[in-house]
Amino acid sequence: MHSNRPVGVFDSGVGGLTVAAGIRGLLPGEALVYFGDTAHLPYGDKSAHAIREYVQQISSFLKDSGCKALVVACNSAASVLEPDFADKLGLPVIDVIDPVVRMVSGDPSLKRIGVIGTRRTVQSKVYSNGIRKLSPDKVVFEVATPLLVPLIEEGFLHNAASRLILKHYLEQLPQIDALILGCTHYPLLTGDISELLPDVRLIDAPQVVALELEHILEERALLNPDETSSTTFYVSDRTEVFEQMASHFFGAEIHLREHPLP
Ligand code: DGL
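The rules behind each value
Residues numbered from 1 in each chain as written. Predicted model: local features only at pLDDT ≥ 70, side-chain atom pairs only at ≥ 80, totals over all residues. Heavy atoms only, no water. Helix = DSSP H or I, 4+ residues; strand = E, 2+ residues; numbered from the N terminus. Areas by Shrake-Rupley, 256 points an atom, 1.4 Å probe, with all protein chains shown as cover. Lys, Arg positive; Asp, Glu negative; His and termini not counted. Charge placed at Lys NZ, Arg CZ, Asp CG, Glu CD. Salt bridge = Lys/Arg side-chain N within 4 Å of Asp/Glu carboxyl O. Buried < 20%, exposed > 50% of the residue type's maximum accessible area, 1.4 Å probe, protein only. Axes fitted to C-alpha atoms, helices over the stretch in contact; angles between N-to-C directions. Parallel < 35°, antiparallel > 145°, perpendicular 65-115°, else oblique. Left-handed = near helix turned anticlockwise from the far one by under 90°. Contact = heavy atoms within 4.5 Å. Nonpolar A, V, L, I, M, F, W, Y, C, P; charged D, E, K, R; others polar. 1 Å grid on protein atoms, 1.4 Å probe; cavity = no way out; pocket = protein on both sides within 12 Å on 5 of 7 lines; lining within 4 Å. Points joined across faces, edges and corners; volume = space filled by probe spheres on them. Polar contact = N/O pair within 3.5 Å; in protein donor to acceptor, adjacent residues only side chain to side chain. Expected span 1.5 Å × (residues − 1). Pairing = 2+ DSSP bridges.

The next point concerns the overall build of the chain. Along its length, the chain carries twelve helices and ten strands. Viewed in the frame of its principal axes, the chain has a C-alpha envelope of about 45 × 40 × 35 Å. With the model as given, the accessible surface of the chain reaches about 11,600 Å², and the carbon-plus-sulfur share is 52%. The average position of the 22 basic charges and that of the 33 acidic charges among the side chains of the chain differ by 6 Å.

What follows deals with the pattern of salt bridges. Taken as a whole and assessed by the stated rule, the structure comprises eleven salt bridges. Residue Glu30 is joined to Lys68 by a salt bridge in which the shortest nitrogen-to-oxygen separation is 2.6 Å. One end of the pair, Glu30, is in the loop between α1 (17–26) and β2 (32–36); the other, Lys68, is in the loop between α2 (48–64) and β3 (69–72), with 38 residues separating them in the sequence. In this pair, the class of Glu30 matches that of Lys68, namely buried. In the salt-bridge network here, residues are joined through shared partners; they are Arg163, Asp192 and Glu195.

At a minimum axis separation of 8 Å, α1 and helix α12 (residues 240–250) run at an interaxial angle of 45 degrees. Classed by the angle they form, the pair α1 and α12 counts as oblique. In this structure, α1 crosses over α12, and the sense of that crossing is right-handed. Where α1 approaches α12, its residues Leu17, Thr18, Ala20, Ala21 and Arg24 are matched on the opposing element by Ala246, Phe249 and Phe250. Class assignment for the residues of the contact of α1 with α12 results in six nonpolar, one polar and one charged.

A volume near 550 Å³ is recorded for the largest pocket. Every residue lining the largest pocket is counted, 22 residues in all, and those nearest its centre are Leu81, Pro83, Asp95, Asp98 and Arg102. Among the secondary structure elements, those contributing two or more residues to the lining of the largest pocket are α4 (85–89), β4 (93–95), α5 (98–105), α7 (126–134) and α11 (205–219). At five residues, the largest contribution of residues to the lining of the largest pocket is made by α7. By residue class, the composition of the lining of the largest pocket is 13 nonpolar, two polar and seven charged. Around the second largest pocket sit 22 residues that line it, and Pro42, Tyr43, Gly44, Thr118 and Val149 are the ones nearest its centre.

With that out of the way, let us pick up the side chain of Thr121. With respect to the helices and strands, Thr121 occurs in helix α6 (residues 119–124). Of note is the side chain of Thr121, whose polar atom sits 3.4 Å from the backbone nitrogen of Ser76. The contact partners of Thr121, leaving out residues within four places of it in the chain, are Asn75, Ser76, Ser79, Val126, Tyr127, Glu142 and Gly182.

The first and last C-alpha atoms of α2 sit 24 Å apart over 17 residues, in line with the 24 Å expected at 1.5 Å per residue. Taken together, the buried positions of α2 are Ala50, Ile51, Tyr54, Val55, Gln57, Ile58, Ser59, Phe61 and Leu62. One or two positions beyond α2, positive phi appears at Gly66, with a value near 95 degrees.

The next point concerns the sheet that holds strand β10 (residues 256–258). Ordered by their spatial adjacency, six strands build an open sheet running β4-β3-β1-β2-β9-β10, and the pairing between neighbours is parallel. Bordering the open sheet on either side are β4 and β10, each of which pairs with just one other strand. Averaged over neighbouring strand pairs, the angle between their axes works out to 25 degrees when direction is ignored. Alignment of β3 against β4, held across three bridges, turns out to be parallel. For Leu70, the partnering residue across the bridge sits in β4 and is Val93. Against the sheet, α1 makes contact with β1 (7–11), β2, β3 and β9 (231–235), and its axis sits at roughly 170 degrees relative to β2, the strand it touches most.

Put into structure tokens, the structure is as follows:
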């Protein structure tokens, strides 16, 4: 049994394309429908109830588009999901936080873990609570790094400004073994962060989430055995700037279609 229905992937904007690119790399046969809620970004400073409302609208759109599974490729959205979200939606849901929490919790070499993310994600304590629950001997330190998303979106990578701001944030962390990049955009800063924290293992979501998706699709006999497939990209507000940014985050030229939310 298999299914050639698409997998829905969504984020507040174009950052989730780092996750979509990870899925595309591991599972080239899976058709993807990506949705970036560019009309409402950033989610990182929004209230939990506002984000849940947007997530509801996007999930309905992706389900109505025939998606067989949903990837919540936004840490801020994943951090406020209700526990019964997948049951209510009636689709398998993979988010960017749970698989990372399980991976880190199961690695005995990691004792002291740092997390950086948006204010919404850090305030939710979803990483600390999740890791402590599975592995109470680990210590987790979370720091909100709200300037990083606009910095990355403006292309401030590998330069004096990005290093200065990163240094300011990373100095707030004590000695750690690993740092979770708890935001869709941060994989683009891996080079800068490694220079500042050369002995710290950096953990980001795209690979881990792609593997988790593969596992879930396989378990439910939903994998698509085709060799190549298409990706359709929607945003709730389309501009040239988003289109350029989207191609940069996805690592290939893409075209965005506009689909305003109700
Ligand atoms: N995608 C968001 C996240 O991973 C970052 C951008 C935003 O704040 O909307 O938390």
